[in-house]
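# An overview of the molecular structure
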Amino acid sequence: MSETSINHDEVDIVIGALQLDLTSFMEEWRPVFSQFHLIIVQDPDLKGKLEIPAGFNFDLYTKSDIDGVLGSSSNAISFSGYSCRYFGYLMSQKKYIIAIDDDCIPAKDSTGNFVDAVAQHMTNLSTPATPFFFNTLYDPFCEGADFVRGYPFSLRSGVDCGLSCGLWLNLADLDAPTQALKPELRNNRYVDTVLTVPARTMMPVSGINIGFNRELVGPALLPAFRLAKEGNLRWETVEDIWTGMCVKVVCDHLRLGVKSGLPYVWRKERGNAIESLKKEWEGVKLMEDVVPFFQSLRLSTSAATAEDCVSEIAAAVKVQLAPANPIFARAAENMVELVKLWKRARTQ
Amino acid sequence: MSTPVTPVAPPLKDELDIVIPTIRNLDFLEMWRPFFQPYHLIIVQDGDPTKIIKVPEGFDYELYNRNDINRILGPKASCISFKDSACRCFGFIVSKKKYIYTIDDDCFVAKDPTGKDINALQQHIHNLLTPSTPFFFNTLYDPYREGADFVRGYPFSMREGVPTAISHGLWLNIPDYDAPTQLVKPRERNTRYVDAVMTIPKGTIFPMCGMNLGFDRELIGPAMYFGLMGDGQPIGRYDDMWAGWCAKVICDHLSLGVKTGLPYIWHSKASNPFVNLKKEYKGIYWQEEIIPFFQSVTFSKESTTVQKCYIELSKMVKEKLSPVDPYFQKLADAMLTWIEAWEELNSPAKSAPAANADTKK
């Protein structure tokens, strides 16, 4: 795979609005966001009218749009809270999507320069990934680096990158127990690298700052798994962790890459970890069962697209995980419904 | 410096040996003096044994040349390479310490982005004394580091980690490229300081460079054989690669961790790319077969120690890689010789240091 450059008109920036006033968020990102088409999805549980400053090219989706599309599926599938952004993924017609949480602003790198997170995601998505062998100098395609001695030549062309997972300065994406134990802990370390997460290695994909190739992996990034009392703080959700595992399995099977590292965004203080801890966080316990399942999951050779892969994963979830907990049975059903929705949206 | 959150034990000066292969001189040690002087050095002198290699004053060391290697190992010395830095692994056999740090004689102290000198040895010690996390990737890299932790979604059942067997450091300035890359990019220098240590996940192999490497000899020592290279061999510059591939599959089987990243050293000397190409040439083709071999290695459940794994691996090498080239038959035999030598010099009966090495206090 050679490097391709991505045009701005191939990209949608999707913003899930969990707060009404997006002004300061959008103003901070204006130098970057003003160059792109935006899809803004209002959390259907958020009542009121969104405040969006002028000068942006965007489409806005609200509860009524979501209900309209879901139709009879609306009982099982929910796009509320952080899941609202997935509706934007569904509606997009573009090849690439970049999504950033609305409590994140641009970071500065270690020399004090403004980090264009969107440009970095685009670079990650347009340069090859190298999941089959670890390069000790990390990304071999970036300026000033290359494959090291001992790296097999047949693996040096790499594969397409399906997903680009960025990181966070200040408030890192830690779970509630960890942040509650270390309330002062802030991430101040700018690690100047992107790397490919090796094939068959599982990882926690955070939805806070990601980019992906919608055409290649889109159907895997849909909100199938929800806790009984999912909240609207990241400490109270695991939906992105579930979709992240699905995406990784899909990418491993389809021989696509998943990158992690740059870009950083600056995540603002919000919420209280201890308060989140007090609420039910069954998700943490459930993940313990989920991880061995995903680690051992192998898809059939006939699964040639992301849709096929997701359908097979759903079937495996139903057989292997659902007996232990009805939440998994619902997740499996949702995945099947969402693939149908995905296909329907593609034909419109 | 990547410092652990929970302070680790003191600097291990009686538990760690520094192994240095050399054919030139040891002038580089002057720059390392503030960091290395408290430690015992094992110098493995390659090439002409009649040459006198001077060790700077004030270091506590033992030095072995080829005559010593032949005397100490007898016929088993055939497994130790000549005219190749692979000979360093002789130092691993004769060491009596728990930890080894090995460094090349063209590697100097690097500076971090604040301009401070990097104590590479201390960083390796931190890496070896804190757990690894090979079963699930942490996107914030080393979770045990001050200022970091496990991210949301990381299973709690995996947060204790596993013992770290190997700490693989990196290099600023001259990067560790193969000959073709060196020929195409003669001026490229590694100037990027990536401030991270991370565990290489289970099931993933990597190119291990021996220039700046620490390991726990008790955990993985017998797997750190650097193969048959150099004089009389069809291949060179694959010694550390071979050790790394063998060690990684064994670490994966025994649930031991391998870390890579910090510390950086400053690599000053670019070797001649044409000379390198001649040495590596066969390896470039062979590695296309070797890699799939290692990626599919599985050990029997009877292989519960490093030695047993290594012996089983040598049989698999003989069976599966001999068709690639007869060299692998020799290599498989040498792997067995190495284990025999290891057992002989490291069995409980032989707790006294190897006799008559040139030692100095």
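Residues numbered from 1 in each chain as written. Chains lettered and ligands numbered in written order. Predicted model: local features only at pLDDT ≥ 70, side-chain atom pairs only at ≥ 80, totals over all residues. Heavy atoms only, no water.

As named in an unreviewed UniProt entry, chain B is UDP-arabinopyranose mutase, taken from Fraxinus pennsylvanica. Annotation of chain B in UniProt includes, under Subcellular location (unreviewed entry), the sentence "Golgi apparatus". The Catalytic activity (unreviewed entry) comment attached to chain B in UniProt states, word for word, "UDP-beta-L-arabinofuranose = UDP-beta-L-arabinopyranose". (UniProt positions renumbered as here; feature names shortened; annotations may be inferred.)

Per an unreviewed UniProt entry, chain A carries the name UDP-arabinopyranose mutase 5 and comes from Fraxinus pennsylvanica. What the UniProt record of chain A gives under Sequence similarities (unreviewed entry) is the line "Belongs to the RGP family." Checking UniProt for chain A, the heading Subcellular location (unreviewed entry) contains the comment "Golgi apparatus".

On to the packing of helix 7 (residues 239-253) of chain B against helix 9 (residues 306-321) of chain B, then. Residue and element names in this part refer to chain B. The interhelical angle for the contact between helix 7 and helix 9, taken along N-to-C directions, is 125°, at an axis separation of 10 Å. Between helix 7 and helix 9, the angle falls in the class oblique. Crossing of helix 7 against helix 9: the hand is right-handed. Only Val306, Cys309, Tyr310, Leu313, Val317 and Leu321 of helix 9 make contact with helix 7, whose side of the interface consists of Trp242, Cys246, Val249, Ile250 and His253. Split by residue class, the contact of helix 7 with helix 9 holds 10 nonpolar, 1 polar and no charged. (Axes fitted to C-alpha atoms, helices over the stretch in contact; angles between N-to-C directions. Helix = DSSP H or I, 4+ residues; strand = E, 2+ residues; numbered from the N terminus. Parallel < 35°, antiparallel > 145°, perpendicular 65-115°, else oblique. Left-handed = near helix turned anticlockwise from the far one by under 90°. Contact = heavy atoms within 4.5 Å. Nonpolar A, V, L, I, M, F, W, Y, C, P; charged D, E, K, R; others polar.)

Our focus in this paragraph is the interface of chain B and chain A. How big an interface is tends to be stated in terms of the accessible area lost upon association of its parts. Every contact between the two is made by 62 residues of chain B and, on the other side, 58 residues of chain A. For the pair chain B and chain A, the summed buried surface comes to about 5,000 Å²; carbon and sulfur atoms form 58% of the total. When residues of chain B are sorted by the area they lose upon contact with chain A, Phe137, Arg152 and Arg192 of chain B head the list and together hold 17% of the total. Applying the counting rule to chain B against chain A returns 10 salt bridges. Taken together, the links from chain B to chain A amount to 25 residue pairs in polar contact (both at pLDDT 80 or more). Taken together, the elements giving at least two residues each to the side of chain B that touches chain A come down to strand 6 (164-173), helix 5 (179-184), helix 7, strand 9 (257-267) and helix 8 (273-295) of chain B. Per-element tally for the side of chain B that touches chain A: the top contributor is helix 8 of chain B, with 6 residues. Split by residue class, the side of chain B that touches chain A holds 32 nonpolar, 13 polar and 17 charged. (Buried area = accessible area lost by both parts, 1.4 Å probe. Salt bridge = Lys/Arg side-chain N within 4 Å of Asp/Glu carboxyl O. Polar contact = N/O pair within 3.5 Å; in protein donor to acceptor, adjacent residues only side chain to side chain.)

Overall, the coordinates contain 33 salt bridges over all chains when judged by the stated rule. Between arginine 71 of chain B and aspartate 68 of chain B there is a salt bridge whose closest N-O contact spans 2.6 Å. With arginine 71 of chain B and aspartate 68 of chain B both in helix 2 (residues 66-73) and 3 residues apart, the pair spans about one turn of that helix. As a salt-bridge pair, aspartate 252 of chain B and lysine 248 of chain B come within 2.8 Å of each other at their nearest N and O atoms. Placement of both aspartate 252 of chain B and lysine 248 of chain B in helix 7 is noted, with a separation of 4 residues, approximately one turn of the helix. Lysine 248 of chain B shares its class with aspartate 252 of chain B; the two are buried. A network of salt bridges, in which partner residues are shared, links Asp146 of chain A together with Lys185 and Glu188 of chain B. (Buried < 20%, exposed > 50% of the residue type's maximum accessible area, 1.4 Å probe, protein only.)

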